[in-house]
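# Commentary on secondary and tertiary structure
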Amino acid sequence: PFEHMSKSDTILLRKRLVGESCKLFFRSDPLKIVRAEAQYMYDEQGRAYLDCINNVAHVGHCQPDVVAAASRQLAVLNTNNRFLHDNLVLCAQRITDLMPEPLSVCFFVNSGSEANDLALRLARAHTKHQDVITLDHAYHGHLSTLIEISPYKFRQIPNHKQADWVHVAPVPDVYRGKYRESEHPGEDMGALYAEDVRRLCEKATAGGGGVACYIAESLQSCGGQVVPPPNYLREVFRHVRAAGGVCICDEVQVGFGRVGSHWWAFQLQGEDIVPDIVTMGKPMGNGYPVAAVVTTRAVADSFRDTGVEYFNTYGGNPVSCAVANAVLQVIEDQKLLQHAQDVGDYLLARCRELQGRHSLIGDVRGVGLFVGIELVVDRTTREPATAEAQHVLSRMKDESILLSSDGPDRNVLKLKPPMVFSKQNVDTVIEVLDQVLAELADEHADLEPEHAHQTNGKTNGILAH
Ligand code: PMP
């Protein structure tokens, strides 16, 4: 009942009609998913897959209250935001109520990319500066401006010339990054990484562009599920503001309670950490395109004072806002923050238990339902186990579990499941992962040690952002 054609015909038509830059998950044997419910996705044969990666389906795939809110509103009115509508102002009220002061003004858009692009415009209008400080390996969206500040993408472009208004700061990754905790015992790692940002501020100021903004995910996802060390954002914000710039937190992946203890991941760094601009998307619509920028009255006023109207045909339409309001309601009704914290703590503990048994696991990190398992060939050299990670993804898929990998070396298994993920789901994933890692260890044991890590060259895994 859910298919119009056979899977092979779907593949043929897609090959013929769709741009090949649009990549599929599991390229050598792609999945055809025809329906989904909560944390499960079903293929055309009715086989269920446990979804460990879909942070967009935040409150669960096809959550009934969200579906009902969307269809009800779609049957009554959908139009642009130049007309008054209660859904829009109620949504703005709900979101700003969840933000610390003085983040009190909303702009509604349709995607994370639109949100970040608008955030850059706001920052430039407010500071009258041009330059942007971004993190290495960052991804902030697919628009031209955002590719320029996304090393994750621009490093793949042959002969790409980094724009002179872009400054790339190191990822505050204390495991594999520029400064490693193991090499700086007892040091304030946050301040150390922030010092690089301070130097870039100086460079931007000296170059004449001035610092318009620092933009980063509050926890870097594409960079490999990185949790910044304590004090990082506090010190970065101090340096950026001293240079006359504003601070943007991209919460497109990690917002809406995924971290469990707070609604927004920047709050993990302390109650005193307040960005000037926050961007959000993905989970906000549970799969329906709705996103937003939240900022201060001062920044919004600077943007108004440019005299240029901001109009976005679909941004904040009554259906989008009905969906976002329903998502927020479900998060509250089902106490999903508490749930993310409980299940997330359990997940982390069980991953660390696995780390004790498998030397391939170099690091386990995360918070709430945002977890990374970094695979390494050797715990001392930390050489990334890229091929092994791809093999794990492929084997997990055979066992009906959808995982993905990320990070510059694609060796970090990432878990960011729908928030309804259960402890039983955790047990399933850990049990299967345990088995797959044991298989890998057995294969390695049979090989010459110096060649062992090059043998599992399956590369049909998922790279998801
Ligand atoms: N920011 C981050 C951190 C993202 O991960 C993404 C998408 N993966 C975006 C922005 C862009 O969002 P969208 O694809 O909705 O435009």
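Further up the page is the structure itself.
Below or above, wherever it landed, is the structure these notes cover. (Residues numbered from 1 in each chain as written. Predicted model: local features only at pLDDT ≥ 70, side-chain atom pairs only at ≥ 80, totals over all residues. Heavy atoms only, no water.)

## A short note on the overall build of the protein chain
A count of helices and strands for the protein chain gives 13 helices and 15 strands. Computed over the C-alpha atoms, the radius of gyration of the protein chain is 22 Å, within 12% of the 23 Å expected from 2.2 N^0.38 for a compact globule of 465 residues. In terms of overall dimensions, the protein chain has C-alpha extents of about 70 × 55 × 45 Å along its principal axes. Considering only contacts within the protein chain whose residues lie at least 6 apart along the sequence, 72% involve residues at least 24 apart. Counting every atom, the protein chain has about 19,900 Å² of accessible surface; 52% of that belongs to carbon and sulfur. Across the protein chain, 45 positive and 59 negative side-chain charges occur, with their mean positions spaced 4 Å apart. (Helix = DSSP H or I, 4+ residues; strand = E, 2+ residues; numbered from the N terminus. Rg over C-alpha atoms; globule rule 2.2 N^0.38 Å. Contact = heavy atoms within 4.5 Å. Areas by Shrake-Rupley, 256 points an atom, 1.4 Å probe, with all protein chains shown as cover. Lys, Arg positive; Asp, Glu negative; His and termini not counted. Charge placed at Lys NZ, Arg CZ, Asp CG, Glu CD.)

## A word on the sheet that holds strand β12 (residues 370-375)
Here four strands make up an open sheet; going across it, the order is β11-β12-β15-β14 and the pairing antiparallel. Both outer strands of the open sheet, β11 (361-367) and β14 (404-406), are each paired with one neighbouring strand and no more. In this sheet, neighbouring strand axes are inclined to one another by 30° on average, regardless of whether the strands run parallel or antiparallel. Alignment of β12 against strand β15 (residues 412-415), held across four bridges, turns out to be antiparallel. Bridge pairing in β15 links E374 to V412. (Pairing = 2+ DSSP bridges. Axes fitted to C-alpha atoms, helices over the stretch in contact; angles between N-to-C directions.)

## Regarding the pattern of salt bridges
All chains considered together, the criterion is met by 27 salt bridges. Salt bridges linked by common partners bring K178, E195, D196, R198, R199 and E202 together as one network. (Salt bridge = Lys/Arg side-chain N within 4 Å of Asp/Glu carboxyl O.)

## So, the packing of helix α3 (residues 86-97) against helix α10 (residues 318-333)
In contact at an axis separation of 8 Å, α3 and α10 are set at 35° when each is read in the N-to-C sense. With respect to the hand of their crossing, α3 and α10 are arranged in left-handed fashion. Across the interface between the two elements, N87, L88, L90, C91, R94 and I95 from α3 touch P318, C321, A322, A324, N325, L328, Q329 and E332 from α10. Of the residues belonging to the contact of α3 with α10, the class tally is nine nonpolar, three polar and two charged. (Left-handed = near helix turned anticlockwise from the far one by under 90°. Nonpolar A, V, L, I, M, F, W, Y, C, P; charged D, E, K, R; others polar.)

## Some points on the sheet that holds strand β7 (residues 211-217)
Strand order in the open sheet formed by seven strands is β4-β10-β9-β8-β7-β5-β6, and the pairing between neighbours is mixed. Of all strands in the sheet, those with a lone pairing partner are β4 (103-109) and β6 (166-169), marking the two edges. Going from strand to strand, the sheet's axes swing by 20° on average, the running direction of each strand aside. The sheet contact formed by strand β9 (residues 277-280) and strand β10 (residues 291-296) spans four bridges and is antiparallel. If you follow T279 over to β10, its bridge partner there is V293.

## Some words on α3
Compared with an ideal rise of 1.5 Å per residue, which puts twelve residues at 16 Å, α3 spans 16 Å between its outermost C-alpha atoms and is within 8% of the ideal. Every buried residue of α3 is listed here: N87, C91, A92, I95 and T96. Within α3, the buried residues cover an arc of 155° as seen down the axis, which keeps them to one side. Along α3, exposed side chains directed more than 90 degrees from the buried face belong to D86 and D97. (Expected span 1.5 Å × (residues − 1). Buried < 20%, exposed > 50% of the residue type's maximum accessible area, 1.4 Å probe, protein only. Arc of directions from axis to C-beta.)

## What to know about the environment of G245
Its place among the elements puts G245 in the loop between α8 (232-242) and β8 (246-250). Taking the relative accessible area as the measure of exposure, G245 reaches 7% and is therefore buried. For the pair G245 and G210, spaced 35 residues apart in the sequence, the C-alpha separation amounts to 7.8 Å. Ignoring any residue separated from it by four or fewer positions in sequence, one finds G245 in contact with T127, V211, A212 and V240.

## Here we look at the state of the cysteines
Per the counting criterion, the structure on display carries zero disulfides. Free cysteine: C22, not disulfide-bonded; nearest cysteine sulfur from C222 at 17 Å. (Disulfide = S-S within 2.5 Å.)

## What about helix α12 (residues 386-398)?
Along its 13 residues, α12 runs 19 Å from first to last C-alpha, staying within 8% of the 18 Å computed at 1.5 Å per residue. With ten of its 13 residues buried, α12 lies for the most part within the structure. The secondary structure elements touched by the buried residues of α12 are β3 (48-51), β12, β13 (401-402), β14, β15 and α13 (423-445). Positive phi shows up at S400, right after α12, with a value of about 70°.

## Points about a nonpolar patch on the surface
A contiguous nonpolar patch, built from M5, L13, L17 and V18 and spanning about 320 Å² of accessible area, is present on the exposed surface. If you trace the backbone, M5 turns up in the segment before α1 (7-17). On the basis of relative accessible area, M5 is assigned to the partly exposed category, the value being 31%. (Patch = residues over 30% accessible without salt bridge, like charges linked within 9 Å, V, L, I, M, F, W, Y side chains within 5 Å.)

## Quick word on the side chain of R382
With respect to the element layout, R382 can be found in the loop between β12 and α12. Buried within the structure, R382 lacks any salt-bridge partner; E183 is the closest side chain of opposite charge, at an N-O distance of 6.4 Å. Side-chain polar atoms of R382 contact the backbone oxygen of Y175, separated by 2.5 Å. A distance of 3.3 Å separates polar atoms of two side chains, one belonging to R382 and the other to S182. Once residues lying within four places of it in the same chain are set aside, the contact partners of R382 are Y175, R176, R180, S182 and V376. (Polar contact = N/O pair within 3.5 Å; in protein donor to acceptor, adjacent residues only side chain to side chain.)

## Observations concerning the packing of aromatic side chains
Inspection of every chain in the model, using the stated rule, returns seven aromatic pairs. Between F256 and W264, the aromatic rings sit 4.9 Å apart at their centres with planes inclined by 70°, giving edge-to-face as the arrangement. Both residues of the pair, F256 and W264, belong to the buried class. Pairing W263 with W264 gives two aromatic rings, centres 6.4 Å apart and planes at 40°, and the pair type is tilted. Its relative accessible area of 0% is what places W264 among the buried residues. The ring of F311 is capped by R82, whose NZ or CZ atom sits 3.8 Å from the centre of that ring. Sitting above the plane of the F26 ring, K397 keeps its charged end 5.0 Å from the centroid. (Phe/Tyr/Trp six-rings, centres within 6.5 Å; stacked < 30°, edge-to-face > 60°. Lys NZ or Arg CZ within 6 Å of the ring centre and 35° of its normal.)

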